[in-house]
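Here are the chains, one letter per residue:
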Amino acid sequence: MANITLALTRMKRIHLIYSNKVVMNPMHYSKSSAVKLTLGGVLMGLMLSIGVSSANAVPLQPTPAMQKMAAYTGADRQQQLLDGAKKEGQILIYTSAPVDDMRVITDAFTKKYGIKVITWRSSSENVLQRSVSEANAKHFDMDVIETNGPEMEALHREGLLQKVNSPYLADLIPQAILPHGEWVGTRLNIFAYAYNTNLVKKADLPKTYMDLLDPKWKGKLGIEESDLDWMAGVVTDMAAQKGMDEKKALDVFRKIAATNGFSVRKGHTLLVNLVASGEVPLALTVYNYKVEEMKNSGAPVDWGWIAPAIARPNGVGVARQAKHPNAAILFYDFMISDAQKLLLARQFVPTSTKVDTKLNKMPLKFIDPNIILDQNKKWTDLYEQIVVRQGK
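Cut-offs used in this document
- Residues numbered from 1 in each chain as written.
- Predicted model: local features only at pLDDT ≥ 70, side-chain atom pairs only at ≥ 80, totals over all residues.
- Heavy atoms only, no water.
- Helix = DSSP H or I, 4+ residues; strand = E, 2+ residues; numbered from the N terminus.
- Buried < 20%, exposed > 50% of the residue type's maximum accessible area, 1.4 Å probe, protein only.
- Contact = heavy atoms within 4.5 Å.
- pLDDT = per-residue confidence, 0-100.

Peer 1: Hey, could you run me through the side chain of Ser352 in this one?
Peer 2: Considering the arrangement of structural elements, one finds Ser352 in the loop between strand E11 (349-350) and strand E12 (364-366). Taking the relative accessible area as the measure of exposure, Ser352 reaches 2% and is therefore buried. Sequence-distant contacts of Ser352, defined by excluding residues within four places in its chain, comprise Asp171, Leu172, Ile336, Gln340 and Asn360.

Peer 1: I would appreciate a short explanation of helix H12 (residues 325-335) in the present structure.
Peer 2: Residue pairs three or four apart in sequence face the same way in an α-helix, which turns once every 3.6 residues. In terms of burial, H12 is largely enclosed, as 11 of its 11 residues are buried. Among all positions of H12, only Pro325, Asn326, Ala327, Ala328, Ile329, Leu330, Phe331, Tyr332, Asp333, Phe334 and Met335 are buried.

Peer 1: Honestly, the confidence of the model for the protein chain in this entry has me stumped. Any pointers?
Peer 2: Note: predicted coordinates in regions of low pLDDT should not be interpreted at a detailed level. Per-chain confidence: the protein chain averages 86 in pLDDT, with 85% of residues scoring 70 or above. Within the model, pLDDT remains below 50 along residues 1-40, and this stretch shows 115 contacts once partners closer than five positions in the same chain are excluded. The low-confidence segment residues 48-53, where pLDDT is below 50, has 18 contacts with residues more than four positions distant or belonging to other chains.

Peer 1: Explain helix H7 (residues 149-157) to me, please; I cannot follow it from the model alone.
Peer 2: When you tally the buried positions in H7, you get 9 out of 9 residues, the bulk of the element. Residues of H7 that are buried include every one of Gly149, Pro150, Glu151, Met152, Glu153, Ala154, Leu155, His156 and Arg157, and no others. Phi turns positive, to about 70 degrees, at Gly159, one or two residues after H7.

Put into structure tokens, the structure is as follows:
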């Protein structure tokens, strides 16, 4: 087994925080861009250090109870889960969600079902590290994992997660459901643009990225220095359009940088403040929560998006070797049903269409976690070359 201590030491040196909280409450957003090392590099280094073998991993076999109930779709499914969960008595969740937010959800779950919830909370990277190292040691305590999309995808690759045939999957936006079905998106971080309403008329706002080639935007565009996953999402979407490919899509951004320039700033909150002050009339990569907050306080700002909006998912999955399989599946169901309204109330963007919010009805493109895991260097280099180095 690989050196776990070395992996932890690397994590402590990096101090990279990947956003756990969605896009409306500034007190919960803490992404740091001080280190020019993105999540993909962190994850891949961590995975190598703790023995994660990605494509070559041998999936764990689910316990018989997990295999049975994860696939079960009978009319008495809910009752069987509840009966089994009450016998199990508790559940252990590994999560990177803010403590207060997860407590609201777990308290509601316990109140509804009478099942005790134990949580172990740490960074998303540490959730991945602990899950994999325990599996390597054949030590299976966790029942449910709730963390960021790239880490969830890494756990899928390691064969630690179990696909669940939940009836509540039908209520989710399509993008929340992964092809393999072993984890599901529960909440979103959505990129938006912010503009100063005194300096930019609503009628002049860009409808496509090609519109940003207009000379009227010269010296007026701002962008955050570390949003390479946003660019990857935008470029891959543009490349799929008729008459386009990746090179042509990248050339659009090269031309924008060469013609009109980017004011490259560190920090999404700073970027919104610069929009409000008028120093940056239009910022391309912010989270809408801060714009809404400043707009409501009287600042001359508003926000919008170029369709499709680029979104980062956070998700939930159940462990194949869960000691409490019925309780684990019951909580999984709860996260994509009852908990969705609780998430909205806590200023998250939920993925259920049963929750009334315009934010999950926007045209969305999810950032593919595989890009962060497999193509990190490519997109880091491209973002550095096109945006950061040519930024003005």
